[in-house]
Amino acid sequence: MVMGRCAACKYLRKACPEDCIFAPYFPSNNPQRFENVHRIYGAKNVATMLKELEPLQPYLRAQAVETLCYEAESRIQNPVYGCAAIIFHLQQQIHNIESELAKLRAEIAILSSNGHGQASEIQLSTDQVHEDQSGSSSKAPNWFI
Amino acid sequence: MAGGNGTSPCASCKLLRRRCAQDCIFAPYFPSDDPHKFAIVHKVFGASNVSKMLQELPVHQRTDAVSSLVYEANARVRDPVYGCVGAISCLQNQVSELQMQLAVAQAEILCIQMQQESTVLPSQPIDSCIDNERTYFLNNSLPQYLNFPSSSSSNVIHDSLKMEGIFGHDMVS
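Fair warning: this is a prediction, and the values are worked out from it, not measured in the lab. Residue indices begin from 1 for each chain and proceed along its sequence in written order. As they are written, the chains are lettered A onward and the ligands numbered 1 onward, keeping that order. Reporting in this predicted model follows two pLDDT cut-offs: at least 70 for local features of residues, and 80 or more for side-chain atom pairs to be given and counted; totals over whole chains, interfaces and linings ignore these cut-offs and use all residues. To obtain the side-chain values, all non-hydrogen atoms of the structure were included, while hydrogens and water were left out.

Undergrad: Please explain the overall build of chain B as it appears in this structure.
TA: Counting its secondary structure elements, chain B contains 7 helices and 0 strands. Labels follow the DSSP assignment, with helices taken as runs of H or I lasting at least four residues and strands as runs of E lasting at least two, numbered in each case from the N terminus. Listing the helices and strands of chain B from first to last along the sequence gives α-α-α-α-α-α-α. Each residue's exposure class comes from its accessible area (1.4 Å probe, protein chains only) as a fraction of the maximum for that residue type: buried when under 20%, exposed when over 50%, partly exposed otherwise. Each of the 173 residues in chain B was classed as buried or not, and the buried ones make up 44%. The long-range fraction of contacts in chain B, counting pairs at least 24 apart against all pairs at least 6 apart in sequence, stands at 56%. In the form shown here, chain B has an accessible surface area of approximately 9,200 Å², with 52% of it arising from carbon and sulfur atoms. Throughout, a residue-residue contact means that at least one pair of heavy atoms, one from each residue, lies within 4.5 Å. Every accessible area reported is derived by Shrake-Rupley at a probe size of 1.4 Å, with residue values counting cover from the shown protein chains alone.

Okay, structure coming up:
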């Protein structure tokens, strides 16, 4: 039936059966979604993955399709690293925040125990420690730490 | 089924049961001693899609591309629902939590400094400073990459820790 085909069947130029595996997840009003997924994974692989998810609850199958679409889009935008680039960026962010937090906690410990005069001296040395840490982290952007 | 120059076929040609040409696009990245690597990439992406992706990239970027494809494929096989998006969600939560701790620490420093520097102004208890900072922080939403719950994302992150030294430079485009 030509009328009411899902985005996948439209893209693949075939009839859209009533039990089309793609239809619930690729409505015809958003053709780009299936195009992206098809480009990265291929229709057959997506169909296989959806079949393997059949035992799961419908909302989980829908989530799986959403994440596939997200990863496909990430890969199209960044053909070398895909969404691994986002993971790297977040791990760098975590590393930076943890460094900053360690510095602040050291400052708190000093301020709490010694008072203002000594805290100024310590602030200078913790700034130096932080600069050293920043220098070393920029040389080796290791997202596996 | 030897390669074009008589050497052993690469893992991809072995799996696909075809002759491994001398200019085989997969051979540099899928050596025959690690068949699992290509098997998992083929399962998730398909050999022809991987071939197309590699052909569209300059040679010096293909190693990293293959590494990230293997990573994503492993994540998807381990977590068929969320894949490596689960890891992203988990890391985002970690970032949010750490930023909150950072804000609390900053507020604490401010309160301590206020108490130490001023004897004239009425002193504010440290706890209420921290609570005010936390309330402000919670009321201002952070930019989120996405809003997926994480499932087995901790396994995906742990595996990233094992892949030491694969990516040696900035990956963010």
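What follows picks up the thread again.
Undergrad: What exactly am I supposed to notice about the pattern of salt bridges here?
TA: When charged atoms on two side chains of opposite charge get close, those side chains can pair. A carboxyl oxygen of Asp or Glu within 4 Å of a side-chain nitrogen of Lys or Arg is what we treat as a salt bridge. Under the criterion given, the structure shown has 4 salt bridges over all chains. One salt bridge in this structure joins Arg33 of chain A and Glu66 of chain A, with 2.6 Å as the shortest N-O distance. Pair noted here: Arg33 of chain A is in helix H2 (residues 31–40) and Glu66 of chain A is in helix H4 (residues 58–77), with a separation of 33 residues, a long-range link. Judged by its relative accessible area of 16%, Arg33 of chain A falls in the buried class. Relative accessible area serves as the criterion here: at 35%, Glu66 of chain A is assigned to the partly exposed category. The partner of Glu52 of chain A in a salt bridge is Lys43 of chain B, with the nearest N and O atoms 3.9 Å apart.

Undergrad: Honestly, the packing of aromatic side chains in this entry has me stumped. Any pointers?
TA: Between two aromatic rings, the relevant description is the distance of the centres plus the angle of the planes. Under the pairing criterion, centres of Phe, Tyr and Trp rings, with the six-membered ring standing for Trp, must be within 6.5 Å; the plane angle then separates stacked pairs below 30 degrees from edge-to-face pairs above 60, leaving the rest tilted. Considering all chains together, one arrives at 8 aromatic pairs over all chains under this definition. Aromatic side chains Phe22 of chain A and Phe34 of chain A sit 5.4 Å apart centroid to centroid with 65° between the ring planes, which places their arrangement in the edge-to-face category. Here the residue Phe22 of chain A occupies a position in the loop between helix H1 (7–12) and H2, and Phe34 of chain A occupies one in helix H2, the gap between them amounting to 12 residues. Across the pair, exposure class does not vary: Phe22 of chain A and Phe34 of chain A are buried alike. A network of ring pairs unites the aromatic residues Tyr11, Phe22, Phe26 and Phe34 of chain A as a single cluster. Charge-over-ring contacts are defined here by two conditions on Lys NZ or Arg CZ: a distance within 6 Å of the ring centre and an angle within 35 degrees of the ring normal. Its end group placed over the ring of Phe30 of chain B, Lys37 of chain B keeps NZ or CZ at 5.6 Å from the ring centre.

Undergrad: Is there a simple way to think about the confidence of the model for chain A in this case?
TA: A residue's pLDDT is the confidence the predictor assigns to it, expressed on a 0 to 100 scale. When the pLDDT values of chain A are averaged, the result is 82; 77% of them are 70 or greater. Counting contacts from residues 131–145 of chain A, a segment whose pLDDT is below 50, to residues more than four positions away or on other chains yields 23 contacts.

Undergrad: Quick question: what am I supposed to make of the environment of Ser89 of chain B here?
TA: Residues and elements named next belong to chain B. Here Ser89 is to be found in helix H5 (residues 85–117). Looking at Ser89, the relative accessible area reads 5%, which means it is buried. C-alpha of Ser89 to C-alpha of Ser12: the two residues are 77 residues apart in sequence and 32 Å apart in space.

Undergrad: What exactly am I supposed to notice about the packing of helix H3 (residues 43–52) of chain A against helix H2 (residues 35–44) of chain B here?
TA: Any two packed helices are characterised by the angle at which their axes cross and by the distance between the axes. Interaxial distance between H3 of chain A and H2 of chain B falls to 8 Å at its minimum, and their mutual angle equals 90°. Between H3 of chain A and H2 of chain B, the interaxial angle falls into the category roughly perpendicular. Contacts between H3 of chain A and H2 of chain B involve Asn45, Met49 and Glu52 of chain A on the former and, on the latter, His42, Lys43 and Val44 of chain B. The residue makeup of the contact of H3 of chain A with H2 of chain B, split by class, is 2 nonpolar, 2 polar and 2 charged. In this description, a line fitted to the C-alpha atoms serves as the axis of each element, helices being fitted only across the stretch in contact, and the angle between N-to-C directions of two axes falls anywhere from 0 to 180 degrees. Oblique is the label for every angle not falling under 35 degrees (roughly parallel), over 145 degrees (roughly antiparallel), or within 65 to 115 degrees (roughly perpendicular). We call Asp, Glu, Lys and Arg charged. Ala, Val, Leu, Ile, Met, Phe, Trp, Tyr, Cys and Pro are nonpolar, and the rest, Gly among them, are polar.

Undergrad: What is the right way to look at the confidence of the model for chain B in this model?
TA: Caution is warranted with low-pLDDT regions, since their predicted coordinates should not be read in detail. Residues and elements named next belong to chain B. Mean pLDDT for chain B: 78, with 65% of residues reaching 70 or above. The weakest mean pLDDT in chain B belongs to helix H7 (residues 153–162) at 44; the strongest belongs to helix H4 (residues 62–78) at 96. Scored below 50 in pLDDT, residues 139–143 makes 4 contacts in the model with residues more than four places away or belonging to other chains. The low-confidence segment residues 150–173, where pLDDT is below 50, has 59 contacts with residues more than four positions distant or belonging to other chains. Scoring of the predicted complex yields 0.72 for pTM and 0.73 for ipTM.

Undergrad: Got a minute to help me understand the side chain of Glu72 of chain B in this structure?
TA: Assignment of secondary structure puts Glu72 of chain B in helix H4. Within the structure, the side chain of Glu72 of chain B is placed 2.9 Å from the side chain of Arg75 of chain A, a separation counted as a polar contact. Not counting chain neighbours up to four residues away, the residues in contact with Glu72 of chain B comprise Tyr41, Glu71, Arg75, Tyr81, Gly82, Cys83 and Ala84 of chain A together with Phe45 and Cys84 of chain B. Any pair of N or O atoms that falls within 3.5 Å is considered a polar contact. Within protein, one atom must be able to donate a hydrogen and the other to accept it, and sequence-neighbouring residues count only if both atoms are side-chain atoms.

Undergrad: Mind showing me how you'd approach the nonpolar core here?
TA: Across soluble globular proteins, you tend to see nonpolar side chains buried next to one another. Nonpolar cores are built from buried Ala, Val, Leu, Ile, Met, Phe, Trp, Tyr and Cys residues. Side-chain atoms within 4.5 Å join them into one set. If you look at the biggest cluster of nonpolar residues, it comprises 49 residues, and the most contacted ones within it are Phe22, Phe26 and Tyr41 of chain A together with Phe26, Phe30 and Phe45 of chain B. Contributions of two or more residues to this core are made by H1, H2, H3 and H4 of chain A together with helix H1 (11–16), H2, helix H3 (47–55) and H4 of chain B. Core analysis: the next-biggest nonpolar cluster, separate from the first, contains 24 residues, Ala75, Leu91, Leu102 and Ile112 of chain B among them.

Undergrad: Looking at this model, I keep getting lost on the side chain of Asn78 of chain A. Mind explaining?
TA: Residues and elements named next belong to chain A. If you trace the backbone, Asn78 turns up in the loop between H4 and helix H5 (84–114). Residue Asn78 is classed as buried on the basis of its relative accessible area, which comes to 8%. Within the local environment of Asn78, its side chain forms a polar contact with the backbone nitrogen of Tyr81, the two atoms lying 3.2 Å apart.

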